[in-house]
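One-letter residues, chain by chain:
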Amino acid sequence: ERNLRRTGLLVRIARDAPSRRMSGTPPVKKKLTDPVLIVGDSLTDSDLRYATRFSVGDPVLFLSVKKQRYLVVPRMEYGRACRTTRGIKILTPDDLKLDPQDRYRIGAWAVKLLRRVQVRRVRVAPRFPLGVARELEKKGFRLKVADNGLFPGRAVKQPDELRFLRSAKTAAVAAMKTAFKILRA
């Protein structure tokens, strides 16, 4: 490798690099375009909560493919999921036309949904359920574990998230003031 200093930046160029990079053009960062698959509940999985804005204690399945987003929920959660989510197609295991013995197996939900939307490879979180991963791999799907999180955009807070944080901070300060008054009395 040889080093070139251009516009104040040190750019390392491999000997076999294409000629357009030799001109000092920085390499293009690859966008994370693989579909994202999340299996879990939003009470313990913050990525699922972030992606859906849906709070659920039962296991659900979330798939994001380009601009399409899917959420498979138990039948009892269907109505609430439809009311509380935006821009997500809500499905139940019945919609996936699963065999009766597969209706309660979330791995079967994943296989059926991935086949339905014709996806063969997905990005998953490091905490992705091992049993589901093995079932998907057995059926020929490829899983890639995300190194830096599924949603790097989570680090930047949206206006509604900032409002919730401020509200929680205000409530915590008020609670502490009340606690100090009680302890001093």
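Each remark here, short or long, concerns the structure printed above.
Summary of the structure given here. Note that the coordinates shown come from a computational prediction; the quantities given were computed from them, not determined experimentally.

1. Thoughts on helix H4 (residues 106–116)
Summarising burial for H4: 8 of the 11 residues are buried, a large majority. Within H4, the full set of buried residues consists of Ile 106, Gly 107, Ala 108, Trp 109, Ala 110, Val 111, Leu 113 and Leu 114. Taken together, the buried residues of H4 touch strand E3 (36–40), strand E4 (60–65), strand E5 (68–72), strand E6 (89–91), strand E7 (121–124) and helix H5 (130–138). Among the residues trailing H4, Gln 118 stands out with phi positive, at a value near 55 degrees.

2. A closer look at unusual backbone geometry
Non-glycine residue Lys 66 carries a positive phi angle of around 55 degrees. The residue Lys 66 is located in the loop between E4 and E5 in this model. Note on Lys 66: relative accessible area 80%, which makes it exposed. With a phi angle near 55 degrees, Lys 97 is a residue other than glycine that sits in the positive phi range. Counting through the fold element by element, Lys 97 comes out in the loop between E6 and H4.

3. Details of the packing of aromatic side chains
Enumeration over the complete set of coordinates arrives at 1 aromatic pair. An angle of 45 degrees between the planes, with centres 5.6 Å apart, marks the rings of Tyr 50 and Phe 151 as tilted. Of the two residues, Tyr 50 sits in helix H2 (residues 46–52) while Phe 151 sits in the loop between strand E8 (142–145) and helix H6 (159–184), which places them 101 residues apart along the sequence. For Arg 120, the ring lying beneath its charged end belongs to Phe 141, and the centroid distance is 4.4 Å. The aromatic ring of Phe 164 is capped on one face by Arg 163, whose charged end is 5.7 Å from the ring centroid.

Parameters and conventions
- Starting from 1, residues in each chain are numbered consecutively following that chain's sequence as written.
- In keeping with the predicted nature of the model, local features appear solely for residues at pLDDT of at least 70, side-chain atom pairs appear and are counted solely at 80 or more, and the whole-chain, interface and lining totals rest on all residues.
- Side-chain metrics in this entry use all non-hydrogen atoms of the structure; hydrogen atoms and water are not considered.
- Categorising residues by exposure relies on relative accessible area from a 1.4 Å probe, with only protein chains included: less than 20% of the type maximum marks a residue as buried, more than 50% marks it as exposed, and the intermediate range marks it as partly exposed.
- Secondary structure elements follow DSSP: runs of H or I no shorter than four residues count as helices, runs of E no shorter than two count as strands, and numbering proceeds from the N terminus.
- Contacts: residue pairs with any heavy atoms within 4.5 Å of one another.
- We call Phe, Tyr and Trp rings a pair once their centres come within 6.5 Å, taking the six-membered ring for Trp, and we label the pair stacked below 30 degrees between planes, edge-to-face above 60, and tilted otherwise.
- For a Lys NZ or an Arg CZ to count as sitting over a ring, it must be within 6 Å of the ring centre and within 35 degrees of the ring normal.

Nothing here speaks to function; it is all geometry.
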